[in-house]
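Architecture at a glance
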Amino acid sequence: MNVVSFGGGTNSTAMIIGMYLHKIPIDLILFADTGGEQPHTYEFMGTFNEWLVKHGIPKIVSVEYHDKDGNRLTLEQECINSGRLPSIAYGYKKCSLKHKIGTQEKFCNNYQPCKEVWASGQRVHKYIGYDAGETRRIQHAAPIDEADKKYEKHYPLYEWGWTREECVHVIERAGLPRPGKSSCFFCPSMKKKEIQALWENYPDLFERAIALEHGSAKTNVNVKGLGRDWSWESYYNEFMANKEFEEAQLTFDQLFPDSPGGCICGAPCGCYDG
């Protein structure tokens, strides 16, 4: 039983393509949907599913977190309910453990083919997309993997020696677009250029992220916002203020369009002293 953990990004996409090329069968592809993934991730999944079907591979199965009453609970809604930011803003990874790893684990626990493998005393094979440059992550996981009685972990990208760059090339050679970075649109790990792209391309999602900052203001002590020691809102306001200031500055040529430039006197040396 071969289960692939699909993150929606470059590595896991290249891994699936590589497994097809290496003739490694895939029985199940799981994607844990927090409910707040970047729009480009959802769009890419539709495109990738078409590629999977065309190559005889099962479609991606999305799994979600549900509360004790069986109702879906997105990570965003959980933050709203608790008045807190995603746990990574406080230095923890509970959001990933709960909404990513936990949801896949629960699905497999109730998935009959997996249950049959375990009942026979064997382990389910799980494939994870750590590339050749992630030696430290694999070494850190080694003791846990060895003690795992349910899953035998595989890191094919690392075994093949595929770097991040090679993963990109593999995806392009397969005729697929680049997946883009996979993350929640309000992830505290996002870089400033990614935050800027969010407010430029998806202003509604950016406003929802800012709403999370406002909703957590009362409970935050050592954290100022999604940037940890700075808020996304303050970054946005500062960025826009600087942009407005720059756009308001008039160049010499704009002030004196008939002058050849340099000084008001017409000299290029900047010697005019008024």
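This section reports on the structure supplied with the text.

One way to put it is that helix 1 (residues 10–21) packs onto helix 8 (residues 164–173) with a least axis distance of 9 Å and a crossing angle of 60°. In terms of orientation, helix 1 and helix 8 fall into the oblique class. As helix 1 packs across helix 8, the resulting crossing turns out to be left-handed. Between helix 1, through Thr10, Asn11, Thr13, Ala14 and Ile17, and helix 8, the contact on the second element is made entirely by Arg164, Cys167, Val168, Val170 and Ile171. Residue composition of the contact of helix 1 with helix 8, by class: six nonpolar, three polar and one charged.

The strand order across the open sheet built from five strands is 3-2-1-4-5, with neighbouring strands paired in parallel fashion. The two strands at the open ends of the sheet, each matched to only one other strand, are strand 3 (60–63) and strand 5 (151–154). Strand-to-strand twist of the sheet, defined as the mean angle between neighbouring strand axes without regard to direction, takes the value 30°. Across four bridges, strand 4 (residues 124–127) lies against strand 5 in parallel orientation. In the strand pairing of strand 5, lysine 126 is matched with lysine 153.

What follows covers the pairing of strand 2 (residues 28–32). Counting buried positions along strand 2 gives five out of five residues, so the element sits mostly inside the fold. Of the two faces of strand 2, the one carrying Leu28, Leu30 and Ala32 and the one carrying Ile29 and Phe31 are both buried. Pairing of strand 1 (residues 2–5) with strand 2 involves three bridges; the strand directions are parallel. Residue pairing across strands places valine 3 opposite leucine 28, the latter belonging to strand 2. Taking the sense of rotation as the criterion, the β-α-β connection linking strand 1, helix 1 and strand 2 turns out right-handed. Strand direction decides the pairing type here: strand 2 and strand 3, joined by four bridges, are parallel. Across the sheet, the residue bridging to leucine 30 is valine 61, located in strand 3. In the classification by handedness, the crossover that spans strand 2, the intervening helix 2 (residues 39–54) and the parallel strand 3 is right-handed.

The next subject is the packing of aromatic side chains. Where two aromatic rings form a pair, the distance of their centres and the angle of their planes describe that pair. The tally for this structure, following the rule as stated, stands at 17 aromatic pairs. Ring geometry for tyrosine 20 and tryptophan 51: centres 5.8 Å apart, planes at 75°, overall edge-to-face. Here tryptophan 51 lies in helix 2 and tyrosine 20 lies in helix 1, a separation of 31 residues in the sequence. Residue classification places tyrosine 20 among the partly exposed residues on the basis of a relative accessible area of 37%. Each residue in the set Phe6, Tyr20, Phe31, Phe44, Phe48 and Trp51 is aromatic and connected to the rest through ring pairs, giving one cluster. Taking NZ or CZ as reference, arginine 84 lies 4.3 Å from the ring centre of tyrosine 90, over its face. A cation sits over an aromatic face here: lysine 150 above tryptophan 118, 4.6 Å from the ring centre.

For strand 1 and strand 4, the ladder comprises three bridges, and the chain directions are parallel. Bridging from a neighbouring strand, asparagine 2 pairs with histidine 125 of strand 4.

Two side chains bearing opposite charge may form a pair once their charged atoms approach each other closely. Per the stated rule, a full pass over the model turns up 13 salt bridges. Here lysine 100 and glutamate 37 are joined by a salt bridge, their closest N and O atoms 3.1 Å apart. Of the two residues, lysine 100 is situated in helix 4 (residues 94–109) and glutamate 37 in the loop between strand 2 and helix 2; the sequence distance between them amounts to 63 residues. Judged by its relative accessible area of 22%, lysine 100 is partly exposed. When the shortest N-O distance is used, the salt bridge between arginine 137 and glutamate 134 registers 2.7 Å. By relative accessible area, which is 44% here, arginine 137 ends up partly exposed. A residue is classified by how much of its surface remains accessible, and glutamate 134, at 16% relative accessible area, is buried. When salt bridges with common partners are traced through the structure, they connect Asp33, Glu64 and Arg72 into a single cluster.

The rules behind each value
Residues numbered from 1 in each chain as written. Predicted model: local features only at pLDDT ≥ 70, side-chain atom pairs only at ≥ 80, totals over all residues. Heavy atoms only, no water. Axes fitted to C-alpha atoms, helices over the stretch in contact; angles between N-to-C directions. Helix = DSSP H or I, 4+ residues; strand = E, 2+ residues; numbered from the N terminus. Parallel < 35°, antiparallel > 145°, perpendicular 65-115°, else oblique. Left-handed = near helix turned anticlockwise from the far one by under 90°. Contact = heavy atoms within 4.5 Å. Nonpolar A, V, L, I, M, F, W, Y, C, P; charged D, E, K, R; others polar. Pairing = 2+ DSSP bridges. Buried < 20%, exposed > 50% of the residue type's maximum accessible area, 1.4 Å probe, protein only. Right-handed = clockwise from strand over helix to strand, strands pointing away. Phe/Tyr/Trp six-rings, centres within 6.5 Å; stacked < 30°, edge-to-face > 60°. Lys NZ or Arg CZ within 6 Å of the ring centre and 35° of its normal. Salt bridge = Lys/Arg side-chain N within 4 Å of Asp/Glu carboxyl O.

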